[in-house]
Amino acid sequence: MNWISIGLAALSGALAAALASVLVRNPKEKRVYYAIVFIVCFAAFQALSRELISPHINAWNGARKAEAALLEIPAFQAIKQYDPSTYESLVADLREFIKKEAQSQVLGVRNDESRIVGAVKRRIAEIVQKRLPSASDEAVVSYMSVMVSEMGELHRHGGDLCYRFLFPQHSTPIDGRKYFSKQTQEADLAALAQVIRTSAEKPQAIPREADVMPSLEPIIVELVKEFGNDMDMLRNPAAPTTDKAKVCSITIDLYSRVLRLPQNESSRVLRFMLSQA
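On a predicted model such as this, the values are computed, not experimentally measured, just so you know.

## Quick look at helix H11 (residues 263–275)
The end-to-end C-alpha distance of H11 is 18 Å, a good match for the 18 Å that 13 residues give at a rise of 1.5 Å each. Buried residues of H11: Ser266, Ser267, Val269, Leu270, Arg271, Phe272, Met273 and Leu274, and no others. Buried residues along H11 sit in contact with helix H6 (137–157), helix H9 (209–227) and helix H10 (244–259).

Written as structure tokens, this is what we have:
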């Protein structure tokens, strides 16, 4: 039941009755005239409420419910606690989308949901880029393991989905809900929460290149043997001649090999690689 609509209807009725009483003297004696004036006023107030009041109230109520739903997810709880400015930006984007959605419904059109999905993805990408290099060993390895699983799922779907996932700044971000399994989505959010929490509570230092090359260099040598000159595409993935599917294959292979190292080694290598992004 839409209590907002019921409340606005009741308010419209009260205002219509008050205005009809002012316009029609002796309403008891002029019941038919009073009824006509009341109906006209009620219809006018209802139209005004639908056009001017209801969209704003629905948008406010929708934003309140959406934020409450966000805060049931550990990742967003962590963002609110440890990165409040980013959280406020996320909520502001959400409120703006819901406001436009309410206005669009009045006009009989549908707002583009991909815009809010893209906005949230960009905010999340900013958080990951900033916090992942300083997260704990376990958090870094867990998050990148989920990322590799996500890349694999997208790669199996074909097309440029995997590339768009890896490089949203060079293309249209994807809506992962359409392609990732529920289990993968839950694992992603859980790993993200761990990254945010550990990077804030006990940030780790970024290792020097000299510290990670003994582990990373053999992997690079193996990849060069397998992919040859195609490895150069990783330096400029936005180039017009880039083979997007090949870039995705190389990236999956690279991170998979790093993740097969012992955790203390893989976390150092990942931390260094991600700090260079």
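## Things to note about the side chain of Thr184
Among the structural elements, Thr184 can be located in helix H8 (residues 182–201). Side chain to side chain, Thr184 and Ser181 meet in a polar contact 2.8 Å long. When residues no more than four places from it in sequence are discounted, the contact partners of Thr184 are Val146, Glu150 and Glu153.

## A short note on the packing of aromatic side chains
For the coordinates displayed, the defined rule picks out 2 aromatic pairs. Between Phe165 and Phe180 the ring centres are 5.7 Å apart and the planes differ by 80°, which places this aromatic pair in the edge-to-face class. Taken as a pair, Phe165 in helix H7 (residues 161–166) and Phe180 in the loop between H7 and H8 lie far apart in primary sequence, 15 residues in all. Taking relative accessible area as the criterion, Phe165 reaches 12% and is therefore assigned buried.

## Side note on the packing of H10 against H11
In contact at an axis separation of 8 Å, H10 and H11 are set at 145° when each is read in the N-to-C sense. Judged by residue contacts, Leu254, Tyr255, Val258 and Leu259 of H10 engage Ser266, Val269, Leu270, Met273 and Leu274 from H11.

## Notes on the pattern of salt bridges
Under the counting rule described, the total for this entry stands at 10 salt bridges. A salt bridge links Lys130 to Asp83, with the shortest nitrogen-to-oxygen separation between them at 3.0 Å. Taken together, the residues span a long stretch of sequence, with Lys130 in helix H5 (residues 113–131) and Asp83 in the loop between helix H3 (74–82) and helix H4 (84–107) at a distance of 47 residues. For Asp83, a relative accessible area of 5% corresponds to the buried category.

## With respect to the state of the cysteines
Disulfides are covalent bonds that connect the sulfur atoms of two cysteines. Counting across every chain of the model gives 1 disulfide. Here Cys162 connects covalently by a disulfide to Cys248, the sulfurs 1.6 Å from one another. Judged by the sign of its S-S torsion, about 70°, the cystine formed by Cys162 and Cys248 is right-handed. Taken as a pair, Cys162 in helix H7 and Cys248 in helix H10 lie far apart in primary sequence, 86 residues in all. Look at Cys162 and you get buried, because its relative accessible area is 3%.

## Observations concerning the packing of H6 against H10
For the pair H6 and H10, the least separation of the axes is 10 Å and the interaxial angle reads 150°. The orientation of H6 relative to H10 falls into the category roughly antiparallel. Here the hand of the crossing between H6 and H10 comes out left-handed. Only Ala245, Cys248, Ser249, Thr251, Ile252, Tyr255, Ser256 and Leu259 of H10 make contact with H6, whose side of the interface consists of Val141, Met144, Ser145, Val148, Met151, Gly152 and His155. Split by residue class, the contact of H6 with H10 holds 9 nonpolar, 6 polar and no charged.

Basis of the calculations
- Residues numbered from 1 in each chain as written.
- Predicted model: local features only at pLDDT ≥ 70, side-chain atom pairs only at ≥ 80, totals over all residues.
- Heavy atoms only, no water.
- Helix = DSSP H or I, 4+ residues; strand = E, 2+ residues; numbered from the N terminus.
- Expected span 1.5 Å × (residues − 1).
- Buried < 20%, exposed > 50% of the residue type's maximum accessible area, 1.4 Å probe, protein only.
- Contact = heavy atoms within 4.5 Å.
- Polar contact = N/O pair within 3.5 Å; in protein donor to acceptor, adjacent residues only side chain to side chain.
- Phe/Tyr/Trp six-rings, centres within 6.5 Å; stacked < 30°, edge-to-face > 60°.
- Axes fitted to C-alpha atoms, helices over the stretch in contact; angles between N-to-C directions.
- Salt bridge = Lys/Arg side-chain N within 4 Å of Asp/Glu carboxyl O.
- Disulfide = S-S within 2.5 Å.
- Parallel < 35°, antiparallel > 145°, perpendicular 65-115°, else oblique.
- Left-handed = near helix turned anticlockwise from the far one by under 90°.
- Nonpolar A, V, L, I, M, F, W, Y, C, P; charged D, E, K, R; others polar.

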